[in-house]
Amino acid sequence: MKKLQKFLPVLAILFAGVTCIGAGYVLLNKGQVNAGYAVVPCVFTVALFSASRNLPKK
């Protein structure tokens, strides 16, 4: 459980970076590509951050 408490926030930060890259890709293409490139990693970011906060702390 201790490893999971350290792993989930790191993974969430990684997905936050992917979200920024996806948003930049959408903006560089003037919105002509699918916005899912930014939205899907953002959903994973929120889920991982909330999962890491809801773990029991011992």
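Please refer to the structure higher up on the page.
Residues numbered from 1 in each chain as written. Predicted model: local features only at pLDDT ≥ 70, side-chain atom pairs only at ≥ 80, totals over all residues. Heavy atoms only, no water.

Things to note about the environment of Leu-55
Within the secondary structure, Leu-55 is located in the segment after α2 (36–54). For the pair Leu-55 and Cys-20, spaced 35 residues apart in the sequence, the C-alpha separation amounts to 26 Å. Dropping the residues within four chain positions of it, Leu-55 is found in contact with Met-1, Leu-4, Gln-5 and Leu-8. (Helix = DSSP H or I, 4+ residues; strand = E, 2+ residues; numbered from the N terminus. Contact = heavy atoms within 4.5 Å.)

What about helix α1 (residues 2–28)?
If you check α1, its first and last C-alpha atoms are 40 Å apart, about what 27 residues at 1.5 Å a residue would give, namely 39 Å. For α1, every residue scored as buried is listed here: Leu-8, Ala-12, Thr-19, Gly-22 and Val-26. The inward-facing, buried residues of α1 abut α2. (Expected span 1.5 Å × (residues − 1). Buried < 20%, exposed > 50% of the residue type's maximum accessible area, 1.4 Å probe, protein only.)

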